[in-house]
Amino acid sequence: MLQGGNGERDSFSNKFGVLAALAGSAIGLGNIWRFPYVVGQNGGGAFLLIYVIFVAAIGIPVMMSEFVIGRSAQLNPVGAFKKIAPGTKWHLVGMLGVVSVFIIFAFYTVVAGWTLEYVVQSIRWILNPEKFGFASMDNAALTQFFSNHYESFTSGLWRPIIWFVVMMLLTGYIVISGVKNGIEKFSKILMPVFLVLLLILVLRSVTLEGGRQGLVFLFKPDFTHFKEAPFRIILEALGQAFFSLSIGMGTLITYGSYIRKKENLAGTAISVVVADTSVAIIAGLAIFPAVFAFGIDPGEGPELVYKTLPVIFQNMPGGLIWAFMFFLLLCFAAITSTISMLEVIVAYFSEQLNMSRKKATILSMISVGFLGILCTASSDVFGFFNASPDLMLPLGGFFIVVFIGWFFARDKSKKELSSEGSYKIRYHSLFMFLVKFVAPLAIAFLFALGVYSKVITLFPGLG
Ligand code: TRP
């Protein structure tokens, strides 16, 4: 994707390119699909509050640490640790990242494939509304219709596999052919359009009769649900924060290695975090009023938005034309995230194992392809993979902040964060305090309690 001529390492073209690529990686199904359903399963406002605290206090320092590692080493996660901590075991943290990428990439691309199913089906629905009887259906009947469609689609064998493979090929094609000319140019236009569409959706959703309750659910912290399983819920908030920000598995070490030396890393991290969190909350604003207005269960699970969104669209003038546009753009938002995952594996294969980019891409696609097909075939595998970010990403993030806090020279991180003195960084002591103490202790503590409570729910006998 980012290869320069003459074998020299390439970088993002300018400040806008950096932000577009990073926001592209961060904003995706994590915001639109995963965020609403984990908020829904975990009781709403209380979860959102914890989530936002984690994003700010832990997410920002982890993201900056990944940038520091990547930009100072100019390599993939494994090579980066080998270079800046030679002769140590730290490169295993990079390895952990590469392994996590395989798993996340696989189930993520499966869900991305669902968007294509909805794009194609919307065309059918738009062309034959009478056949499906949309005009005569009330919201309850519409909910039933889309819910049935989701069930029959995901339980089928071939269509989920076909859409998964199509998504995979699209991602591979873009990674091989270069992002600068393709995806960067596209994102500039399509991302803002997607945001406008999302805002229109919010307008429709909040003005639905009975929608107000959704706003209360999303914003009013009610800790009753939380008290039932506080540590599991806290760990899920942490996992979702890492997932949504694309941190904890070296994606941003890899992207960090493409950021030019003069760019301001802290400013970049903050912009990405603010953008990503805003989009997640906007998605929540679009979903929850509708969920309550249509009487859908907010704790429905991974199918939540796929059952809710089409009903909102049917309640808009123009009907499913909106659904068609929305799912198409969502597919695009997903691709800017999948390429950031594939890029990690490709950078690893090509830099550590000396493969050509093309060979590395094809090999990664074939191996992830197997895992993905397993995910489409078995809802247990899918569920297991989908739960894994909650554990793997905080673990990766823990080692990353410990490394920067305790094993990376203070003046080196200062040099990197200030771009060799071009920026005044009065916050450096605060940053060091966060990465030395706050973030590692918080992650370790929450991780231990969360794992304990997950184990207890799985094997009640142990409690
Ligand atoms: N953050 C992306 C989303 O919200 C998904 C993603 C891309 C990701 N790269 C990642 C998640 C790396 C974890 C780690 O859709």
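Attention here is on the structure that accompanies the text. (Residues numbered from 1 in each chain as written. Predicted model: local features only at pLDDT ≥ 70, side-chain atom pairs only at ≥ 80, totals over all residues. Heavy atoms only, no water.)

## Section: the site of the ligand
Contacts to the ligand come from 16 residues, most closely from Ala26, Gly30, Tyr108, Phe243 and Ser246. Contacts to the ligand include Ser25, whose backbone N or O atom sits 3.3 Å from a nitrogen atom. For the ligand, the protein covers 100% of the area, taking 370 Å² as the surface of the free molecule. Counted by class, the shell around the ligand contains 7 nonpolar, 9 polar and no charged residues. (Near = heavy atom within 4 Å. Polar contact = N/O pair within 3.5 Å; in protein donor to acceptor, adjacent residues only side chain to side chain. Areas by Shrake-Rupley, 256 points an atom, 1.4 Å probe, with all protein chains shown as cover. Nonpolar A, V, L, I, M, F, W, Y, C, P; charged D, E, K, R; others polar.)

## Quick notes on the side chain of Glu117
Mapped onto the elements, Glu117 comes out in helix H5 (residues 91-127). With residues up to four places along the chain from it excluded, the contact list for Glu117 reads His149, Phe153, Arg159 and Trp163. (Helix = DSSP H or I, 4+ residues; strand = E, 2+ residues; numbered from the N terminus. Contact = heavy atoms within 4.5 Å.)

## Regarding the packing of helix H2 (residues 29-41) against helix H15 (residues 304-314)
At a minimum axis separation of 8 Å, H2 and H15 run at an interaxial angle of 105 degrees. In terms of orientation, H2 lies roughly perpendicular with respect to H15. For the pair formed by H2 and H15, the contact residues are Leu29, Ile32, Trp33, Pro36 and Tyr37 on the first element and Leu304, Val305 and Tyr306 on the second. Here the residues of the contact of H2 with H15 sort into 8 nonpolar, no polar and no charged. (Axes fitted to C-alpha atoms, helices over the stretch in contact; angles between N-to-C directions. Parallel < 35°, antiparallel > 145°, perpendicular 65-115°, else oblique.)

## Quick word on helix H14 (residues 265-293)
Here H14 contains 29 residues, and its C-alpha end-to-end distance of 43 Å stays within 8% of the 42 Å for a straight helix at 1.5 Å per residue. One side-chain oxygen at the N-terminal end of H14 lies 3.3 Å from the backbone nitrogen of Ala266; it belongs to Asn264. (Expected span 1.5 Å × (residues − 1).)

## Regarding the pattern of salt bridges
Under the criterion given, the structure shown has 10 salt bridges. For Arg232, the salt bridge goes to Glu236, with nearest N and O atoms at 3.0 Å. Highlighted residues: Arg232 and Glu236, both in helix H12 (residues 230-245), separated by 4 residues, approximately one helical turn. A relative accessible area of 11% places Glu236 in the buried class. Measuring nitrogen to oxygen at the nearest pair gives 2.9 Å for the salt bridge that ties Glu343 to Arg357. Of the two residues, Glu343 is situated in helix H16 (residues 320-352) and Arg357 in helix H17 (residues 357-377); the sequence distance between them amounts to 14 residues. Residue classification places Glu343 among the buried residues on the basis of a relative accessible area of 0%. Salt bridges linked by common partners bring Glu151, Glu300, Glu303 and Lys307 together as one network. (Salt bridge = Lys/Arg side-chain N within 4 Å of Asp/Glu carboxyl O. Buried < 20%, exposed > 50% of the residue type's maximum accessible area, 1.4 Å probe, protein only.)

## Thoughts on the packing of helix H4 (residues 77-84) against H16
Helix-helix packing is described using two parameters, namely the angle between the two axes and the distance between the axes. It is at 8 Å that the axes of H4 and H16 come closest, and there the two elements cross at 55 degrees. As the angle between them shows, H4 and H16 are arranged oblique. Within the contact between the two elements, H4 uses Pro77, Val78, Gly79 and Lys82 and H16 uses Val344, Tyr348 and Gln352. For the contact of H4 with H16, the class distribution of residues is 4 nonpolar, 2 polar and 1 charged.

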